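Overview (structure and organization)
Chain residues, written in single-letter form:
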Number of protein chains: 4
Amino acid sequence: MTEIDTLAEHLKTFATERDWGQFHTPKNLAMALAGETGELLAEFQWLTPAESAAIMEDGEAGSRVRAELADVFLYVVRLADVLGIDLIRSAHEKLEANARRYDADSYRGTARKAPPLS
Amino acid sequence: MTEIDTLAEHLKTFATERDWGQFHTPKNLAMALAGETGELLAEFQWLTPAESAAIMEDGEAGSRVRAELADVFLYVVRLADVLGIDLIRSAHEKLEANARRYDADSYRGTARKAPPLS
Amino acid sequence: MTEIDTLAEHLKTFATERDWGQFHTPKNLAMALAGETGELLAEFQWLTPAESAAIMEDGEAGSRVRAELADVFLYVVRLADVLGIDLIRSAHEKLEANARRYDADSYRGTARKAPPLS
Amino acid sequence: MTEIDTLAEHLKTFATERDWGQFHTPKNLAMALAGETGELLAEFQWLTPAESAAIMEDGEAGSRVRAELADVFLYVVRLADVLGIDLIRSAHEKLEANARRYDADSYRGTARKAPPLS
């Protein structure tokens, strides 16, 4: 069992023990994921790019960022499990598609022409 | 090397080959993550909960959802790598904290009292 | 002066009195807007569509929704002011463009073909 | 009739003519609002703060930002109308609450202590 499969199993058990499966439709989980992403954004909204790069050196802010990113990740894993999506496989497929779309020579050093990474 | 470490390495190489490291501040990556989450939301916004649960049976919509969730996941992995956060470890820690906060007996079957999962 | 102009003036004064103009770049304000939108989403995430339609009948939840939507609106107004965008005018232009794009006869009763309203 | 009331009326007619009222639950509209906010974010994600401040000078990017912000605003107005919320009034109430919470002397020049504007 991979580390993501193990986590997905734990999340499923967590939901089952609380009878929360009824709330975990893909629609609702996508909303919860977006809500957590909003909380993560809020940690960075007033920071300069340089301040954002040093955020983990600030104990309190660093802890909040770690916890918020964990929340986002938990919902990504739970949503993928509910939808039957293999996260690792689809991520590698998407990355390969991006590599074809944004060939290194054409897009070097510019984020203007197209959104990097996706 | 775990499956997430491998993916993080690929993403780092992808960014380096295009000289995109300069754009990948935590602030910018959090924004990109939120942008992709918005695209994922858009797939579910007009669906009933039941329709959302069956979305993978629709070939075209299913493919889009898989690709959007992959994009979200890629940014989660990239952001964690840039911040030096161990995703799997922080996810398990958050899940354990949630288990203490939402004990199964008190929160069974209700999502009203508190937000499930986080 | 219209009601939105008045509100924009108040927001500008509010920021100036706290010397917060330095933080109110369009990039940062867009992030803050998204963060507030995430808080609004969180109010609806576990509700059925029917429960969401009755949310204002619940005093506490209704107050939170009113406050969160106000926050979202405040950032929309502030961001438009900073960018020099006439909100009312651009909204009417967008609505007219949508009316041409989604003609009533072709799109009646279906949200599948295309995202309604935009 | 105020400018927002007029816009809300137009949006209502637009939805009615397409029989889209059935899709416009508060839950769905909040999702659509978040989806549009994500598109707005995407316009700013790779820009420096300074570049974001000059975005309207770029004809194409400026047009996209104007259109995306209009979309966000349209959903704010539509959601408020469906919920029976007076946007202008609740915005002024929220702003007054913020003025009490963030008194100018304590919060001058710092966005670290607390999130400005809300």
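Please refer to the structure higher up on the page.
Values in this document were obtained by computation on a predicted structure and should not be read as measured data. Each chain carries its own residue numbering, running from 1 in the written order of its sequence. Written order determines the labels here, with chains lettered from A and ligands numbered from 1. Where local features are concerned, this predicted model is filtered to residues with pLDDT of at least 70; where side-chain atom pairs are given and counted, the filter is 80 or more; whole-chain, interface and lining totals use all residues. Computation of side-chain values: all heavy atoms of the structure, hydrogens and water removed.

1. Let's talk about the packing of helix H2 (residues 26–44) of chain C against helix H2 (residues 26–44) of chain D
A packed helix pair is summarised by two numbers, namely the angle formed by the two axes and the spacing between the axes. The cut-off we apply is this: Axis definition: a line fit to C-alpha positions, over the contact stretch in the case of helices; interaxial angles, taken between N-to-C directions, run 0 to 180 degrees. The helix count covers DSSP runs of H or I at least four residues long, the strand count covers runs of E at least two residues long, and both are numbered beginning at the N terminus. Between 65 and 115 degrees an angle is taken as roughly perpendicular, under 35 as roughly parallel, over 145 as roughly antiparallel, and anywhere else as oblique. The handedness criterion is simple: a crossing whose near helix is rotated anticlockwise from the far helix by less than a right angle is left-handed, and one whose near helix is rotated clockwise is right-handed. Whether two residues are in contact is decided by their heavy atoms, any of which lying within 4.5 Å being enough. Ten residue types, Ala, Val, Leu, Ile, Met, Phe, Trp, Tyr, Cys and Pro, are classed as nonpolar, four, Asp, Glu, Lys and Arg, as charged, and the remainder, Gly among them, as polar.
Where H2(C) meets H2(D), the closest approach of the two axes is 9 Å, and the angle between their N-to-C directions is 160°. Our classification of the angle between H2(C) and H2(D) gives roughly antiparallel. Seen from above, H2(C) lies across H2(D) with left-handed handedness. Mapping the contact onto sequence places Pro26(C), Lys27(C), Ala30(C), Met31(C), Leu33(C), Ala34(C), Thr37(C), Leu40(C), Leu41(C) and Phe44(C) in H2(C) and Pro26(D), Lys27(D), Ala30(D), Met31(D), Leu33(D), Ala34(D), Thr37(D), Leu40(D), Leu41(D) and Phe44(D) in H2(D). Here the contact of H2(C) with H2(D) is composed, by residue class, of 16 nonpolar, two polar and two charged.

2. Topic: the side chain of Arg18(B)
This is how the line gets drawn: Note on exposure labels: buried denotes an accessible area under 20% of the residue type's maximum, exposed denotes more than 50%, and partly exposed covers the range between, all computed with a 1.4 Å probe on protein chains only. Nitrogen and oxygen atoms within 3.5 Å of one another constitute a polar contact, given that in protein one can donate a hydrogen and the other can accept it, and given that sequence-neighbouring residues count only through two side-chain atoms.
Along the chain, the position of Arg18(B) falls in the loop between helix H1 (3–17) and helix H2 (26–44). A relative accessible area of 3% places Arg18(B) in the buried class. Side-chain polar atoms of Arg18(B) contact the backbone oxygen of Phe14(B), separated by 3.1 Å. Residue contacts for Arg18(B): discarding those within four places in its chain leaves Ala99(A), Tyr102(A), Asp103(A), Ala104(A), Tyr107(A), Arg108(A) and Gly109(A).

3. What about the pattern of salt bridges?
Quick note on the threshold: Here, a salt bridge means any side-chain nitrogen of Lys or Arg that lies within 4 Å of a carboxyl oxygen of Asp or Glu.
According to the stated counting rule, one finds 20 salt bridges over all chains in the structure shown. Across the pair Lys94(A) and Asp71(B) runs a salt bridge, and its minimum N-O distance is 2.7 Å. Note that Lys94(A) is positioned in helix H5 (residues 87–101) and Asp71(B) in helix H4 (residues 59–83), a pairing that runs across two chains. The same class applies to Lys94(A) as to Asp71(B), namely buried. In this structure, Arg64(D) and Glu43(D) form a salt bridge, with 2.9 Å as the shortest nitrogen-oxygen distance. Residue Arg64(D) is found in helix H4 (residues 59–83), and its partner Glu43(D) is found in helix H2; the two are separated by 21 residues along the sequence. Under the relative-accessibility criterion, Arg64(D) is labelled partly exposed at 39%.

4. Looking at unusual backbone geometry
The phi torsion at Asp19(A) lies on the positive side, around 55°, for a residue other than glycine. Checked against the element boundaries, Asp19(A) lands in the loop between helix H1 (3–17) and helix H2 (26–44).

5. Notes on helix H5 (residues 87–101) of chain D
We apply this condition: Helix span, expected: 1.5 Å multiplied by one less than the number of residues in the helix.
Along its 15 residues, H5(D) runs 21 Å from first to last C-alpha, staying within 8% of the 21 Å computed at 1.5 Å per residue. The inward-facing, buried residues of H5(D) abut helix H1 (3–17) and helix H4 (59–83) of chain C together with helix H1 (3–17) and H4 of chain D.

6. A few points about the packing of H4(C) against H4(D)
Where H4(C) meets H4(D), the axes come as close as 11 Å, and the angle between the chain directions of the two elements is 155°. Here H4(C) lies roughly antiparallel to H4(D), going by the angle between them. Judged by the twist between their axes, the crossing of H4(C) over H4(D) is left-handed. Contacts from Val65(C), Leu69(C), Val72(C), Phe73(C), Val76(C), Leu79(C), Ala80(C) and Leu83(C) of H4(C) reach H4(D) at Val65(D), Leu69(D), Val72(D), Phe73(D), Val76(D), Leu79(D), Ala80(D) and Leu83(D). Of the residues contributing to the contact of H4(C) with H4(D), the split by class is 16 nonpolar, no polar and no charged.

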